[in-house]
Amino acid sequence: MGSDHHGHRKLHVMFFPFMAHGHMIPTLDMAKLFSSRRAKSTILTTPLNAKILQKPIDAFKNLNPGLEIDIQIFDFPCVQLGLPQGCENADFFTSNNDDGNEMELKFFFSTRFLKDQLEKLLETTRPDCLIADMFFPWATEVAGKFNVPRLVFHGTGYFSLSTGHCIRVHKPQNRVASSCEQFVIPELPGNILITEEQIIDGDGESEMGKFMTEVRESEVKSSGVVVNSFYELEPDYADFYKSSVQKRAWHIGPLSVYNRGFEEKAERGKKANVDEVECLNWLDSKKPDSVIYVSFGSVVNFKNEQLIEIAQGLEASGSSFIWVVRKNTGDNEAWLPEGFEERVEGKGMIIRGWAPQVLILEHQAIGGFVTHCGWNSLLEGVAAGVPMVTWPVGAEQFYNEKLVTQVLRTGVSVGAKRHMKVMGDFISREKVDKAVREVLVGEEAEERRRRAKKLAVMAKSAVEEGGSSFNDLNNFIEEFSS
Ligand code: UDP
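Residues numbered from 1 in each chain as written. Predicted model: local features only at pLDDT ≥ 70, side-chain atom pairs only at ≥ 80, totals over all residues. Heavy atoms only, no water.

- The protein chain has the name Glycosyltransferase in an unreviewed UniProt entry, where Capsella rubella is given as its organism.

1. Quick word on the overall build of the protein chain
1) Next: Regarding its fold elements, the protein chain presents 19 helices and 17 strands.
2) Next: The C-alpha atoms of the protein chain give a radius of gyration of 22 Å, which matches the 23 Å a tight globule of 482 residues would have.
3) Next: Based on the C-alpha atoms only, the size of the protein chain along its principal axes is roughly 60 × 55 × 50 Å.
4) Next: By residue count, 58% of the 482 residues in the protein chain fall in the buried class.
5) Next: By sequence separation, contacts in the protein chain at least 24 residues apart represent 69% of the contacts at least 6 residues apart.
6) Next: Per element, the accessible surface of the protein chain, about 19900 Å² overall, is 49% carbon and sulfur.
7) Next: Each charge class in the protein chain can be summarised by its mean position, and for the 54 positive and 67 negative side chains these summaries are 2 Å apart. (Helix = DSSP H or I, 4+ residues; strand = E, 2+ residues; numbered from the N terminus. Rg over C-alpha atoms; globule rule 2.2 N^0.38 Å. Buried < 20%, exposed > 50% of the residue type's maximum accessible area, 1.4 Å probe, protein only. Contact = heavy atoms within 4.5 Å. Areas by Shrake-Rupley, 256 points an atom, 1.4 Å probe, with all protein chains shown as cover. Lys, Arg positive; Asp, Glu negative; His and termini not counted. Charge placed at Lys NZ, Arg CZ, Asp CG, Glu CD.)

2. Looking at the pairing of strand β4 (residues 40-45)
1) Next: Most of β4 is tucked away, with 5 of its 6 residues classed as buried.
2) Next: The pairing of strand β3 (residues 12-16) with β4 spans 4 bridges and is parallel. Across the sheet, the residue bridging to F15 is I43, located in β4.
3) Next: Considered for its hand, the β-α-β crossover made up of β3, helix α1 (residues 21-36) and β4 is right-handed.
4) Next: For β4 and strand β5 (residues 68-73), the ladder comprises 6 bridges, and the chain directions are parallel. Paired with S41 across the two strands is I69, which belongs to β5.
5) Next: What joins β4 to β5 is helix α2 (residues 47-63), and the crossover it makes is right-handed. (Pairing = 2+ DSSP bridges. Right-handed = clockwise from strand over helix to strand, strands pointing away.)

3. With respect to the pattern of salt bridges
1) Next: With the rule as written, the count across this model stands at 26 salt bridges.
2) Next: Here E68 and K40 are joined by a salt bridge, their closest N and O atoms 3.7 Å apart. Here K40 lies in strand β4 and E68 lies in strand β5, a separation of 28 residues in the sequence.
3) Next: Among the residues examined, K40 registers a relative accessible area of 25% and is labelled partly exposed.
4) Next: Overlapping salt bridges, with partners in common, bring together K10, K40, K61, E68 and D70 in one network. (Salt bridge = Lys/Arg side-chain N within 4 Å of Asp/Glu carboxyl O.)

4. Things to note about the site of the ligand
1) Next: Residues in close proximity to the ligand total 16 residues, the closest being S298, A355, N376, S377 and E380.
2) Next: Within the contact set of the ligand, an oxygen atom lies 2.5 Å away from a side-chain nitrogen or oxygen of E380.
3) Next: With the chains in place, 94% of the 530 Å² that the ligand exposes on its own is no longer accessible.
4) Next: Among the elements of the structure, α1 and α15 (375-384) are those that each provide at least two residues to the shell around the ligand.
5) Next: Ranked by residue count, the leading element in the shell around the ligand is α15, at 4 residues.
6) Next: When the residues that make up the shell around the ligand are grouped by side-chain class, the tally is 6 nonpolar, 8 polar and 2 charged. (Near = heavy atom within 4 Å. Polar contact = N/O pair within 3.5 Å; in protein donor to acceptor, adjacent residues only side chain to side chain. Nonpolar A, V, L, I, M, F, W, Y, C, P; charged D, E, K, R; others polar.)

5. Some remarks on the environment of R260
1) Next: Along the polypeptide, R260 turns up in the loop between β11 (249-251) and α10 (262-267).
2) Next: Distance from R260 to V393, taken between C-alpha atoms, is 30 Å for residues 133 residues apart in sequence.
3) Next: Once residues within four sequence positions are removed from consideration, R260 is found in contact with K265, V463 and E464.

So this is what it looks like as structure tokens:
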């Protein structure tokens with residue numbers, strides 16, 4: 001622990017993100033946030049992931065001389081761990097690999113290799129606390145050895161954390177006649193409806209099931225949870241979570257809004273070269289609230305048949321669109337209907353690889369967001385005041401969908417029925433067309449938009465001085481500095 005130039009004691013926070021973009025991006029935001037509040041932040045990661053983080057960190061330091069944020073690199077010998085060379089990020093096995101599931105498990109378990117390195121680092125450095133990803137359950141015990149408080153970062157919000165808890169405790173799915181029958185989630189405020197096909201099979205005797213049990217046990221022994229959310233977004237669920245699940249939780253989000261300048265937003269999570277200026281100029285030529293932005297985050301990987309269906313649904317809707325396709329297609333563009341790009345020229349833009357999402361969402365021309373309901377995307381949509389078409393695929397995305405459609409009422413569901421990991425349930429072009437039209441035009445669309453814009457105002461106030469997230473961050477800093 002050090003002190004700043006006024007002689008104040010300086011909090012040292014270590015961040016240990018799971019190696020996937022959806023976890024690294026908010027963790028970097030969090031590290032920047034803490035250093036902007038005069039803490040020293042250190043991010044622990046592997047060599048290839050350090051390369052991804054270094055550029056935005058350098059940019060942040062240039063903009064904010066004197067603020068402390070560093071990377072500590074851990075060795076991760078992929079081949080020795082039974083992984084392909086370069087497999088240091090979930091992106092590797094979800095990009096274009098058909099046996100992604102098998103590699104996913106191996107990858108999850110390989111991260112255990114980092115345990116000894118964490119132990120050595122904590123022994124010599126003794127930070128004030130360690131905010132480690134939920135997927136490193138062993139971090140609680142390691143930190144405990146050196147009396148370093150370990151906080152858990154799930155990367156999701158109170159609603160889905162509470163939903164998962166209620167489903168695990170009450171197992172309502174055991175009382176329905178069929179897997180597609182809707183039921184109300186017991187104990188959870190709001191009479192939320194869901195089906196068995198949409199819930200996470202988080203228990204069970206599978207290897208992943210046992211791992212998730214370990215994750216939850218380590219959380220009980222941890223010093224609490226840091227949540228990327230803001231109170232006004234999900235007050236009933238924040239209260240429920242803190243009274244019934246985990247008393248020690250601090251919400252400090254939405255984290256994306258701490259990126260304020262153009263460069264910071266453009267560089268955030270950047271994975272491939274994109275021409276942000278071209279993209280924004282294109283949006284400038286469109287009317288307010290008229291363009292639909294379509295993106296499924298950093299993991300979801302649709303088959304060609306589904307991509308063709310999306311293309312045809314977008315074309316049929318007649319709307320302007322920006323569609324991000326992450327498929328590693330090479331020269332083979334069998335996922336595009338013939339002549340599609342010529343037909344939609346001027347009306348639609350396809351971004352291959354990676355889009356400057358926050359910049360796009362904030363543009364006034366964006367009138368809707370077709371999203372897989374990854375928590376970061378969802379919150380970024382909320383912070384930008386954009387109504388959504390919800391298209392959940394895996395993880396906790398179906399829970400997040402229910403927050404949008406049943407609680408916030410700022411989105412319409414495309415009609416995905418089943419939890420499918422990374423490939424997704426099949427959705428027809430008619431459903432895509434219908435949902436896009438529904439979210440962009442009509443009286444109900446206007447009401448949804450009004451609600452969405454109100455939430456965006458609340459999101460911004462939450463992180464300003466005196467706001468709920470600002471205050472919770474103060475509470476956190478105070479608690480772990482003493
Ligand atoms: N993202 C981006 N450009 C893209 C795709 C994703 O900037 O083309 C960012 C997005 O803004 C979000 C993150 O990647 O911050 C994805 O996280 P999310 O929780 O939405 O989904 P996941 O990728 O974990 O499924």
